[in-house]
Amino acid sequence: MISIQQETIPKAVNTEPTPANKLLRKSAVLWLVVAFVGQWAFMYYLVAFYGQSIVVGDLEIWNRLEAVGAKPYIAGDAMGNFAFAMHALGASIIAFGGALQLIPAIRTKAPRFHRWNGRVFLLTVILLSVSGFYLVWVRDAASTSQIQGLSTSFNGLLILAFAWLAYLAIRARRIDSHRRWAMRLYLVANAQWFLRIGMFTYFSISQMFGFGGTESFMLLWTFGCYLVPLAMLEVYFWTKSNGSTTAKSAVACTLVALALLMCLGIFAFGMFSQLLISGAPLEF
Ligand code: HEM
């Protein structure tokens with residue numbers, strides 16, 4: 001039987017509606033709204049690009065991604081191509097359902113939806129991690145470097161660990177702990193989205209200001225795409241509970257700045273993915 005031991009909120013948590021708390025909350029909502037829009041645009045890309053290729057039976061169009069160093073379609077590798085197709089289409093479930101889980105109004109007004117969407121999300125992240133391990137270590141995708149393979153594998157281990165911890169917490173009705181592990185899971189499960197948005201933000205800014213360093217950034221961002229969002233979340237948690245007014249305002253400003261940078265990346269990646277879908281020449 002499940003024991004009901006609702007986790008008590010630590011006394012230190014300051015939830016009074018002070019201006020600093022309100023600012024922090026509003027900036028977090030803004031960040032989430034931007035992420036939500038970007039992830040649904042990503043879902044559209046995944047379904048339009050990969051779904052279309054399956055419907056018309058032309059898997060070779062996946063290799064339009066060669067422009068960014070990826071070559072997911074391998075002629076004659078039926079098993080590998082199938083695993084990749086399921087992996088890419090499964091990712092659209094994560095892009096669709098992840099942010100919905102974090103919206104408090106949905107949790108309280110539609111708890112059944114929250115539970116079912118949560119189960120689908122958990123099952124999908126497990127399948128994506130397992131298929132991801134297959135793509136890296138068995139299929140040995142020519143387009144995946146050793147360092148990318150290590151990074152995505154570490155990401156996969158974090159996904160499995162956080163999914164397990166979020167599940168254990170909800171089984172034990174430790175709601176606050178579940179919420180925290182679910183938020184960590186949401187970030188690591190969206191690493192592929194952060195990877196693209198971060199890269200396209202960097203491309204856009206480096207083109208605007210005429211500086212280079214793209215290769216070094218891409219190398220760092222291979223790990224940063226999940227470690228930076230995770231670190232930011234921990235800073236947010238800590239500041240929300242223990243931070244001074246100045247710390248809360250600083251974190252709120254950082255979240256707004258990140259949301260603006262994400263808008264740039266979402267727009268740039270949106271333009272690029274539109275070219276991929278339409279088959280037009282790629283220029284970025
Ligand atoms: C919930 C977690 C995951 C999501 C949402 C996800 C999403 C994606 C997406 C959308 C693509 C296609 C990329 C594109 O169209 O540009 C992809 C490719 C790939 N993913 Fe994942 N992925 C996840 C977990 C993993 C893990 C844990 C690994 C490794 C252990 C992995 C390894 C790969 C590989 C090797 C490719 C293909 C690269 C290539 O052939 O070019 N993924 N993933």
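Residues numbered from 1 in each chain as written. Predicted model: local features only at pLDDT ≥ 70, side-chain atom pairs only at ≥ 80, totals over all residues. Heavy atoms only, no water.

## Details of the overall build of the protein chain
Tallying secondary structure elements over the protein chain gives nine helices and zero strands in all. The C-alpha radius of gyration of the protein chain comes to 20 Å, within 12% of the 19 Å expected for a compact globule of 284 residues. Expressed along its principal axes, the backbone C-alpha trace of the protein chain runs to roughly 60 × 55 × 35 Å. Buried residues in the protein chain amount to 42% of all 284 residues. (Helix = DSSP H or I, 4+ residues; strand = E, 2+ residues; numbered from the N terminus. Rg over C-alpha atoms; globule rule 2.2 N^0.38 Å. Buried < 20%, exposed > 50% of the residue type's maximum accessible area, 1.4 Å probe, protein only.)

## Observations concerning a nonpolar patch on the surface
Together, W164, L165, Y167 and L168 make up a nonpolar patch on the protein surface, roughly 360 Å² of accessible area in all. Topologically, L168 is positioned in helix α5 (residues 146-171). (Patch = residues over 30% accessible without salt bridge, like charges linked within 9 Å, V, L, I, M, F, W, Y side chains within 5 Å. Areas by Shrake-Rupley, 256 points an atom, 1.4 Å probe, with all protein chains shown as cover. Salt bridge = Lys/Arg side-chain N within 4 Å of Asp/Glu carboxyl O.)

## Notes on a positive patch on the surface
The grouping of R112, R115, R119, R171 and R173 at the surface amounts to a positive patch. In terms of residues, the positive patch owes the most to one element, helix α4 (residues 111-138), which gives three residues. As for its placement among the helices and strands, R112 is situated in helix α4. (Lys, Arg positive; Asp, Glu negative; His and termini not counted. Charge placed at Lys NZ, Arg CZ, Asp CG, Glu CD.)

## Quick notes on the packing of helix α1 (residues 19-56) against helix α9 (residues 245-278)
Contact geometry of α1 with α9 gives a least axis separation of 9 Å together with a crossing angle of 15 degrees. Classified by the angle between their axes, α1 and α9 sit roughly parallel to one another. Note on packing geometry: the crossing formed by α1 with α9 is left-handed. Counted by class, the contact of α1 with α9 contains 25 nonpolar, eight polar and one charged residues. (Axes fitted to C-alpha atoms, helices over the stretch in contact; angles between N-to-C directions. Parallel < 35°, antiparallel > 145°, perpendicular 65-115°, else oblique. Left-handed = near helix turned anticlockwise from the far one by under 90°. Nonpolar A, V, L, I, M, F, W, Y, C, P; charged D, E, K, R; others polar.)

## Section: the side chain of S151
With respect to the helices and strands, S151 occurs in helix α5. In terms of polar contacts, S151 uses its side chain to reach the backbone carbonyl oxygen of T222, at 2.6 Å. In this view, S151 contacts T222, F223 and Y226; residues no more than four positions away in its chain are not counted. (Polar contact = N/O pair within 3.5 Å; in protein donor to acceptor, adjacent residues only side chain to side chain. Contact = heavy atoms within 4.5 Å.)

## As for the coordination of the iron atom of the ligand
Protein coordination of the iron atom of the ligand rests on one atom only, H87 (NE2), at 2.1 Å. Mapped onto the secondary structure, H87 falls in helix α2 (residues 78-102). (Donors = N, O, S within 2.8 Å, 3.2 Å for Na, K, Ca; no water.)

## Side note on the state of the cysteines
All chains considered together, the criterion is met by zero disulfides. Take C225: it sits in no disulfide, and the sulfur closest to it among the cysteines is that of C263, at 19 Å. Not engaged in a disulfide, the cysteine C263 finds its nearest cysteine sulfur in C253; these two sulfurs lie 16 Å apart. (Disulfide = S-S within 2.5 Å.)

## Overview of the pattern of salt bridges
Summed over the entire model, instances satisfying the criterion amount to four salt bridges. Ionic pairing is found between D77 and R139, a salt bridge with its closest N-O pair at 2.8 Å. Taken together, the residues span a long stretch of sequence, with D77 in the loop between α1 and α2 and R139 in the loop between α4 and α5 at a distance of 62 residues. Classification of R139 by relative accessible area gives buried; the value is 10%. Residue E234 is joined to R184 by a salt bridge in which the shortest nitrogen-to-oxygen separation is 2.7 Å. Residue E234 is found in helix α8 (residues 214-242), and its partner R184 is found in helix α6 (residues 175-189); the two are separated by 50 residues along the sequence. Three or more residues are tied together by salt bridges with common partners; here these are D176, R179 and R180.

## A short note on α5
Compared with an ideal rise of 1.5 Å per residue, which puts 26 residues at 38 Å, α5 spans 37 Å between its outermost C-alpha atoms and is within 8% of the ideal. What α5 keeps buried is the set G149, S151, S153, N155, G156, L158, I159, F162, A163, A166 and A169. Buried positions along α5 lie against α4, α6, α7 (191-209) and α8. In the stretch just after α5, R173 is the one whose phi turns positive, near 55 degrees. (Expected span 1.5 Å × (residues − 1).)

## Details of the environment of I106
Inspection of the secondary structure assignment puts I106 in helix α3 (residues 104-109). Put simply, I106 and Y73 are 33 residues apart on the chain and 39 Å apart in space, counted from C-alpha to C-alpha. What I106 contacts, discounting residues up to four positions off in sequence, is L100, P111 and F113.

Read these as geometric descriptors, not functional statements.
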